[in-house]
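Close look at the chain arrangement
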Amino acid sequence: QIKWKNHTITYRIDQYTPDLTQEEVDTSFRLALKIWSDAAPLKFIKVNHDKADIILSFAKKTHGDFFPFDGPKGVLAHAFAPGEDMGGDVHFDEDEIWTMGHSKLGYNLFTVAAHELGHSLGLSHSKDPSSLMYPNYNYYNGAQYTLPRDDALGIQALYG
Ligand SMILES: CC(C)C[C@H](C(=O)NO)C(=O)N[C@@H](CC(=O)O)C(=O)NCc1ccccc1
Ligand SMILES: [Ca+2]
Ligand SMILES: [Zn+2]
Ligand SMILES: [Zn+2]
């Protein structure tokens with residue numbers, strides 16, 4: 001399917017990263033989800049053990065799907081389009097350094113999660129260099145971030 005039929009979407013965090021506290025990871029993901037639910041009629045519910053639409057986890061190299069990670073740099077994360085089973089799931093490359101703020105050294109977890117969740121909701125990459133769904137990483141400060149126009153139009157086309 002190209003989008004979630006139900007606008008109330010559940011998510012579960014299966015594996016955390018040692019780079020950040022659980023609280024920091026939960027906050028990064030909550031902020032990243034809020035970016036999207038502020039732009040379209042979507043509701044995200046965190047579940048701990050039950051079945052969830054979107055499962056978020058950190059993994060290294062070969063990790064149970066046909067898209068093994070590549071060590072530090074390069075691919076940072078990937079997400080599956082809406083659907084059953086792995087549909088909507090997001091995997092973050094544990095070989096990256098995941099950060100909360102803006103550090104030259106690592107990658108900001110909020111920023112990457114916001115991009116990946118765009119894929120989990122059904123968006124593909126955008127050609128607009130100012131968009132969140134542009135293929136290349138740019139740091140965005142989660143506390144002051146508003147979704148660029150191109151992405152807002154994209155999510156509204158699917159769920160508006
Ligand atoms: C072909 C896919 C699997 C590449 C992968 C991606 O786009 N995942 O959604 C990825 O990790 N892309 C890198 C590209 C790069 O290293 O520049 C990236 O930074 N993705 C995360 C991202 C992209 C745009 C904005 C924020 C975060
Ligand atoms: Ca990598
Ligand atoms: Zn994967
Ligand atoms: Zn992407």
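Before reading on, note that the structure itself is shown above.
Numbering of residues starts from 1 in each chain and follows the order in which that chain's sequence is written. Written order determines the labels here, with chains lettered from A and ligands numbered from 1. Reporting in this predicted model follows two pLDDT cut-offs: at least 70 for local features of residues, and 80 or more for side-chain atom pairs to be given and counted; totals over whole chains, interfaces and linings ignore these cut-offs and use all residues. Computation of side-chain values covers all heavy atoms of the structure but excludes hydrogens and water.

With that settled, consider the sheet that holds strand β5 (residues 90-93). Any two strands with at least two DSSP bridges between them are considered paired. Secondary structure is summarised from DSSP: a helix means a run of H or I of at least four residues, a strand means a run of E of at least two, and numbering begins at the N terminus for each. An order of β2-β1-β3-β5-β4 is seen for the five strands of this open sheet, with the pairing classed as mixed. The strands lining the two open edges of the sheet, one partner per strand, are β2 (43-46) and β4 (77-79). Averaged over all neighbouring strand pairs, the angle between strand axes comes to 20°, with direction disregarded. Of the pairings in the sheet, the one linking strand β1 (residues 8-13) to strand β3 (residues 54-59) comprises three bridges and is parallel in character. Across the sheet, residue Ile13 finds its bridge partner in β3, namely Leu56. The sheet contacts of helix α1 (residues 22-37) involve β1, β2, β3 and β5, and relative to β2 the element is tilted by about 160°. Every residue pair with non-hydrogen atoms within 4.5 Å of one another is taken to be in contact. With axes taken as lines fitted to C-alpha atoms, and helix axes fitted only over the stretch in contact, angles between N-to-C directions fall between 0 and 180 degrees. The sheet strands contacting helix α2 (residues 109-120) are β3, β4 and β5, and the helix crosses β5 at an angle near 145°.

Another point: unusual backbone geometry. Positive phi values are uncommon outside glycine, yet Lys61 reaches one of about 40°. The class for Lys61 is partly exposed, based on a relative accessible area of 43%. In this structure, Asp85 takes a positive phi of about 50° despite not being glycine. Partly exposed residues are those whose accessible area sits between 20% and 50% of the maximum for their type, while under 20% is buried and over 50% is exposed, using a 1.4 Å probe and protein chains only.

Time to look at α1. For α1, built from 16 residues, the straight-helix expectation of 22 Å at 1.5 Å per residue is met to within 8% by its first-to-last C-alpha distance of 22 Å. Within α1, the full set of buried residues consists of Val25, Asp26, Ser28, Phe29, Ala32, Leu33, Ile35 and Trp36. Buried positions along α1 lie against β1, β2, β3, β5, α2 and α3 (149-159). In a helix, the anticipated span is given by 1.5 Å times the number of residues less one.

The residue Asp38 is located in the loop between α1 and β2 in this model. Between the alpha carbons of Asp38 and Thr10 there is a distance of 16 Å; along the sequence they are 28 residues apart. Under the rule applied, a polar contact is a pair of N or O atoms within 3.5 Å (in protein, one hydrogen donor and one hydrogen acceptor; residues adjacent in sequence only if both atoms are side-chain atoms). A polar atom in the side chain of Asp38 sits 2.7 Å from the side chain of Lys34.

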